[in-house]
Amino acid sequence: MSGQPESRAAAVPVPPAVQQAVRDLVEVSPVLVELGERFTAAGFEAHLVGGSVRDALLAAGTGAARPPGDLDVTTDARPEQVLQLLRGWASSTWNTGIAFGTVGAEVRHAGEATRLEITTYRADRYDRESRNPEVAWGDSLVDDLARRDFTVNAMAVSLGPDRTVTDPFGGLGDLLARRLRTPGAAADSFADDPLRMLRGVRFVAQLGLTPVEEVVGAMTDMSGELARITPERVQVELSKTLLQDAPRAALELFVSSGLADVVLPELSALRMEIDEHHQHKDVYSHSLTVLDQAIALEEADPGAGSPDLVLRLAALLHDVGKPATRRHEPRGRVSFHHHEVVGAKLVRKRLQALRYSKEVVEDVSRLTFLHLRFHGYGTGEWTDSAVRRYVTDAGDLLPRLHKLVRSDCTTRNRRRAAALAATYDSLERRIAELSAAEDLARVRPDLDGNAIMEILGIPPGREVGEAWKHLKDLRLERGPLSREDAEAELRAWWAAR
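What you see is a predicted model, and the numbers here were worked out from it, not measured in a lab.

The next point concerns the overall build of the protein. Tallying secondary structure elements over the protein gives 24 helices and 13 strands in all. Out of the 497 residues in the protein, the part that is buried amounts to 49%. Restricting to contacts in the protein with at least 6 residues of sequence separation, those with at least 24 account for 68%. When the accessible surface of the protein is split by element, carbon and sulfur atoms take 49% of a total near 23300 Å².

This is the structure:
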């Protein structure tokens, strides 16, 4: 790593209460205690590092110290020595990361499994083109911590008898001040691994940290470097950010720094210039507010999984079709006709590029396509046919669509907001009433494919599918038909072709 991180060190004494909190973290984990004993007996150092230390320090004084599910440990032992020390103690080990000094292990204690990643001290440099480190073993804990992304992650607690907390770059002070800073020069850190910029965005949401001016400046100047990172790694960090309790401030940094321009330009594009007559709301701010409201509805629903990545992506991206469809109409009006159609296509293309799963891509795209459907039915006078089509088109996404549509009503006009809420309440009541009479979740034609072929005397093929679709449309329009009526409708359709 270039730069001189040692000159930036801002180590502060660790208060006794904090030291005790970290000791508690180690002591309540038999695996950590035993690991420390094994390494110490062999003459090696071992230190717990990373997020578990950071989170234990955050919990200091609350009595909330607890061992995390996965543990990151650093040591002066070489990988082959680590494997030797784990032999006979760990239930399994793996060496997929051994070229970079990391040995993985699973240890079982009292029926519970704990996963460990134990990495040898490193003093390597990064190849700025490939982003791969030129691996070199180190002998210094401080030098190893200097390689970390941010100061709040550059702290360690010894697994030796003293349980000493090592904080050479002022991570504890930054944590207490809710400040995001790099151990060395921010530009050097981000040049080593541009993904660290997105990690910084995530920590704004996850930990409530505020990046210092140097970090924001480096993100802004170097945002284009993010294009060198694989879509899979970008997607993981973006998803982790969205899944936090309050991601809005992080997303604002994501956009203002230019990082979104590189990996999610559709979000940045929502910052459309407001026309002089203010005939449309700020779509960017509106989208962030919809996300806030969707999260609140999600968390208030005991029957829904939370956090819900699909709902949050849909809330954030539901209006991405507006920039391409904005039209200035007579009398200063502004329209966005069919922005849900354009938006669904843009969402599908972008999420595929970010390597989201097929299920996530299709669900978010579908919600984007459907989010305006409610507004097309006027003041709430829903026919049975309209209710059936709304439920059928949404399918399993109906609970999420309910939340998305309600969240999308962000008007400051209290009377209008109350009217929209009442109208949607009416729709949900109509869905419940009709569901009690019909199985809306499984709307099917009154005749299946075999019956269609038998009645019409036709073999399998395209015409059977067309007949099936006609009968389903009829079922949605009129509700369940008797066998006799369904056959009559089928024969009439066939005769009219």
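Next comes the rest of the write-up.
Spatially, β3-β4-β5-β2-β1-β8-β9 is the arrangement adopted by the 7 strands of the open sheet, whose pairing is mixed. Of all strands in the sheet, those bounded by a partner on one side alone are β3 (92–94) and β9 (165–166). In terms of strand pairing, strand β8 (residues 156–158) meets β9 through 2 bridges, oriented antiparallel. Paired with Ala156 across the two strands is Thr166, which belongs to β9. Most of the contacts of helix α3 (residues 51–58) go to strand β1 (residues 46–49), to which it runs at about 65 degrees, and overall it touches β1 and β8. Each of β2 (70–75), β3, β4 (102–109) and β5 (112–120) is contacted by helix α4 (residues 79–86), which is oriented at about 10 degrees to β4, the strand it contacts most.

The next subject is the packing of aromatic side chains. One pass over the structure, following the stated rule, counts 4 aromatic pairs. A ring pair is formed by Trp493 and Trp494, whose centres lie 6.1 Å apart and whose planes are at 45 degrees; its orientation type is tilted. Three or more aromatic residues link up through ring pairs in this structure, and these residues are Phe150, Phe190 and Phe203. Directly above the ring of Phe336 sits Lys322, whose terminal nitrogen or CZ lies 4.8 Å from the centroid.

Next up on the list: the side chain of Thr119. Here Thr119 shows up in strand β5. Judged by its relative accessible area of 18%, Thr119 is buried. Beyond its immediate stretch of four places on either side in the chain, Thr119 contacts Val73, Thr74, Thr75, Phe100, Gly101 and Thr102.

Across the interface, helix α23 (residues 462–478) lies against helix α24 (residues 483–495) with an axial gap of 11 Å and an inter-helix angle of 125 degrees. By the angle between their axes, α23 is oblique relative to α24. Here the hand of the crossing between α23 and α24 comes out right-handed. Taken together, the residues of α24 that come into contact with α23 (itself represented by Glu463, Glu466, Ala467, His470, Leu471, Leu474 and Arg478) are Ala486, Glu489, Leu490, Trp493 and Trp494. Each residue belonging to the contact of α23 with α24 can be placed in one class, and the counts come to 7 nonpolar, 1 polar and 4 charged.

Here the focus is the pairing of β2. By the bridge criterion, 4 bridges tie β1 to β2 in an arrangement that is antiparallel. In the strand pairing of β2, Leu48 is matched with Val73. Bridge count for β2 against β5 is 6 bridges, and the pairing is parallel. Bridged to Thr75 within β5 is Thr120.

So, about the packing of helix α1 (residues 16–27) against α3. Helices that pack against each other are described as a pair by the angle of their axes relative to one another and the distance between those axes. Running from N to C, α1 and α3 point in directions that differ by 130 degrees, and their axes come no closer than 9 Å. With respect to their mutual orientation, α1 and α3 come out oblique. As for how α1 packs across α3, the hand of that crossing is right-handed. From α1, Val18, Ala21, Val22 and Leu25 reach across to α3, where they touch Ser52, Ala56 and Leu57. In the contact of α1 with α3, the residues fall into 6 nonpolar, 1 polar and no charged.

Okay, the pattern of salt bridges next. Under the counting rule described, the total for this entry stands at 27 salt bridges. In this structure, Arg406 engages Asp425 in a salt bridge whose closest nitrogen and oxygen atoms are separated by 2.6 Å. Separated by 19 residues along the polypeptide, Arg406 in helix α20 (residues 398–407) and Asp425 in helix α21 (residues 414–437) bring together distant segments of the chain. Taking relative accessible area as the criterion, Arg406 reaches 25% and is therefore assigned partly exposed.

Here β1 shows two buried faces, one formed by Ala46 and Leu48 and the other by His47 and Val49. Here 3 bridges tie β1 to β8, and the two strands are oriented antiparallel to one another. Bridge assignment links His47 to a residue of β8, and that residue is Ser158.

Detailed reading of the predicted coordinates is not advisable wherever pLDDT is low. Summary statistics for the protein give a mean pLDDT of 86 and a share of 89% for residues scoring 70 or more. Under a pLDDT of 50 for its full length, residues 1–7 has, in the predicted model, 16 contacts with residues more than four places off or in other chains. Predicted confidence for residues 275–279 stays below pLDDT 50, and this span has 8 contacts to residues more than four positions away or in other chains.

With respect to the secondary-structure elements, Gly50 resides in the loop between β1 and α3. Taking the C-alpha atoms as reference points, Gly50 and Val152, separated by 102 residues in sequence, lie 8.3 Å from one another.

Side chains of Phe100, Val135 and Trp137 sit close together on the surface and give an oily, nonpolar patch of about 240 Å² of accessible area. Relative to the helices and strands, Val135 is located in the loop between β7 (133–134) and α5 (141–146). Overall, the relative accessible area of 32% leaves Val135 in the partly exposed class.

Quick notes on the rules
- Residues numbered from 1 in each chain as written.
- Predicted model: local features only at pLDDT ≥ 70, side-chain atom pairs only at ≥ 80, totals over all residues.
- Heavy atoms only, no water.
- Helix = DSSP H or I, 4+ residues; strand = E, 2+ residues; numbered from the N terminus.
- Buried < 20%, exposed > 50% of the residue type's maximum accessible area, 1.4 Å probe, protein only.
- Contact = heavy atoms within 4.5 Å.
- Areas by Shrake-Rupley, 256 points an atom, 1.4 Å probe, with all protein chains shown as cover.
- Pairing = 2+ DSSP bridges.
- Axes fitted to C-alpha atoms, helices over the stretch in contact; angles between N-to-C directions.
- Phe/Tyr/Trp six-rings, centres within 6.5 Å; stacked < 30°, edge-to-face > 60°.
- Lys NZ or Arg CZ within 6 Å of the ring centre and 35° of its normal.
- Parallel < 35°, antiparallel > 145°, perpendicular 65-115°, else oblique.
- Left-handed = near helix turned anticlockwise from the far one by under 90°.
- Nonpolar A, V, L, I, M, F, W, Y, C, P; charged D, E, K, R; others polar.
- Salt bridge = Lys/Arg side-chain N within 4 Å of Asp/Glu carboxyl O.
- pLDDT = per-residue confidence, 0-100.
- Patch = residues over 30% accessible without salt bridge, like charges linked within 9 Å, V, L, I, M, F, W, Y side chains within 5 Å.

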